[in-house]
Each structure stands twice: as C-alpha cells, then as structure tokens.
Amino acid sequence: MDGQVTAGMLVCAIPKRTIVIWLTKRLATFSLALVGTALEFLKSDMRPADVYQFECRVEEIVRELARSVEEWCFNALEPQKVESMALQVEYEGQVYRRLKHKTPHAQILTRFGNITLTRATYRLGGRGRTIAPLEIALG
C-alpha cells in the first residue's frame, strides 16, 4: 500500500451465493415487518394521522433494511480472520504493522443511518498512529 490504499488491495472476494443467502434472510425479516405494518394500517380508520403513521413506519423499515445491507457489505470487504491479512502495509511512506484483533468503529454516519464497521487496524511503530486501510479505501 505504497502511498495510497485502494479497495482492490485489501478486499476479499465475496461469493454471490453468500450475498444471496444473507440478503434472503434479511428480506424475510423485513417482509414480515412490512406485512405487519400493512395489516395494521388496513385495520385502521385510515384518517390522515393513520396514513402518516403508516408512511413513517414503512420508511423506517425500508431505511433499516438499506442500513443493514450497507453495514454488512462494508464489513464483508475484509477477510473475517485478521491473520489472513497482510502483516504490514506501507502508507504515505511509512510502514504500519497489523494489530492482532479487528476493532469496531461505531457510529459511522451513512445515508441510511449509523453503522458499525469492524475492521483491521495497523500501527506505526510500538505506540504510534493507527490506520484502518478499509476506512481509507471507503473514504
């Protein structure tokens, strides 16, 4: 990673089958929530307040689905086992060594809400600055 980290340097291949399986399970969960919301609305008096509440609930469910897809995709970019990643990387002319465990970076704001990115980190020297190549690549 000389000077610039790119996603192609660090991402693992995610088989289409893995994506399909994960997304199918998530869609089943969200489908049940949408069905419940629709049934609740259809039993209501359908006053403007009921319509507004229905729209808000549908938006909330769809936004959560989008947020969870984004979070999963970003977290799936690196191999799960940190040991399979490069022991050291060079970034901006300095060599960083991989730390033993991935660490979570919570509250990353995205278009769909906050996500937690669990990523490998690398340290400059014994107690120097740390970088997370995945975060650098994602911007």
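Chains are numbered independently. Their residues run from 1 in the order of the written sequence. In view of the model being predicted, local features appear only for residues whose pLDDT reaches at least 70, and side-chain atom pairs are presented and counted only at 80 or more, with totals across whole chains, interfaces and linings using the full set of residues. Calculation of side-chain values draws on the structure's entire complement of heavy atoms; hydrogens and water are dropped beforehand.

Caption draft 1: Molecular detail of the pairing of strand β1 (residues 88–91). We call a residue buried when its accessible area falls under 20% of the maximum for its residue type, exposed when it is over 50%, and partly exposed in between, using a 1.4 Å probe and counting protein chains only. The helix count covers DSSP runs of H or I at least four residues long, the strand count covers runs of E at least two residues long, and both are numbered beginning at the N terminus. Every second residue of β1 is oriented toward a common face, the buried set being Val89 and Tyr91 and the non-buried set Gln88 and Glu90. When DSSP locates at least two bridges between a pair of strands, those strands are taken to pair. Sheet topology note: the β1/strand β2 (residues 94–98) ladder contains four bridges and is antiparallel. By the bridge assignment, Val89 is partnered in β2 with Tyr96.

Caption draft 2: Structural detail: helix α3 (residues 48–76). By this rule, a helix spans an expected 1.5 Å times one less than how many residues it contains. Along its 29 residues, α3 runs 42 Å from first to last C-alpha, staying within 8% of the 42 Å computed at 1.5 Å per residue. Along α3, the residues that are buried comprise Asp50, Ile61, Leu65, Arg67, Ser68, Glu70, Glu71, Trp72 and Ala76. In this description, contact between two residues means that some pair of their heavy atoms is separated by no more than 4.5 Å. Where α3 is buried, its residues touch α2 (16–42), β3 (103–110) and β4 (113–119).

Caption draft 3: Representation of the nonpolar core within the structure. Counting residues in hydrophobic clusters, the biggest one holds eight residues: Val82, Met85, Val89, Tyr91, Tyr96, Ala120, Tyr122 and Ile131. Beyond its immediate chain neighbours, meaning those up to four positions away, Ala120 contacts Glu78, Val82, Met85, Lys102, Ile131, Ala132 and Pro133. Only buried residues count toward a nonpolar core, which is a set of Ala, Val, Leu, Ile, Met, Phe, Trp, Tyr and Cys residues joined through side-chain atoms within 4.5 Å.

Caption draft 4: Structural context of the side chain of Lys102. Along the chain, the position of Lys102 falls in the loop between β2 and β3. Only 3.3 Å separates the side chain of Lys102 from the side chain of Glu78, close enough to count as a polar contact. Within the local environment of Lys102, its side chain forms a polar contact with the backbone oxygen of Pro79, the two atoms lying 2.7 Å apart. Think of a polar contact as two N or O atoms within 3.5 Å of one another; within protein, one of them needs to be a possible hydrogen donor and the other a possible acceptor, and neighboring residues in sequence only count if both atoms come from side chains.

Caption draft 5: Structural view of the packing of aromatic side chains. Within 6.5 Å between ring centres, the rings of Phe, Tyr and Trp (the latter by its six-membered ring) count as paired, and their orientation is classed by plane angle as stacked under 30 degrees, edge-to-face over 60, tilted in between. This structure, assessed with the given rule, holds two aromatic pairs. For the pair Trp22 and Trp72, a centre-to-centre distance of 4.9 Å together with 15° between the ring planes defines the contact as stacked. Here Trp22 is found in helix α2, whereas its partner Trp72 is found in helix α3, with 50 residues between them in sequence. Each member of the pair Trp22 and Trp72 is classed as buried. An angle of 20° between the planes, with centres 4.4 Å apart, marks the rings of Phe41 and Phe54 as stacked. Note that Phe41 is positioned in helix α2 and Phe54 in helix α3, a separation of 13 residues in sequence.

Caption draft 6: View of the sheet that holds β1. With respect to topology, four strands assemble into an open sheet ordered β1-β2-β5-β6, the strand pairing being antiparallel. Both edges of this open sheet fall to β1 and β6 (130–131), since each of them pairs with a single strand only.

Caption draft 7: Layout of unusual backbone geometry. The backbone of Met46 shows a phi angle near 60°, a positive value even though the residue is not glycine. Tracing the chain through its elements places Met46 in the loop between α2 and α3. For Glu92, which is not a glycine, the phi torsion comes out positive at approximately 50°. Summarising the element assignment, Glu92 is placed in the loop between β1 and β2. Glu92 sits in the exposed class, given a relative accessible area of 51%.

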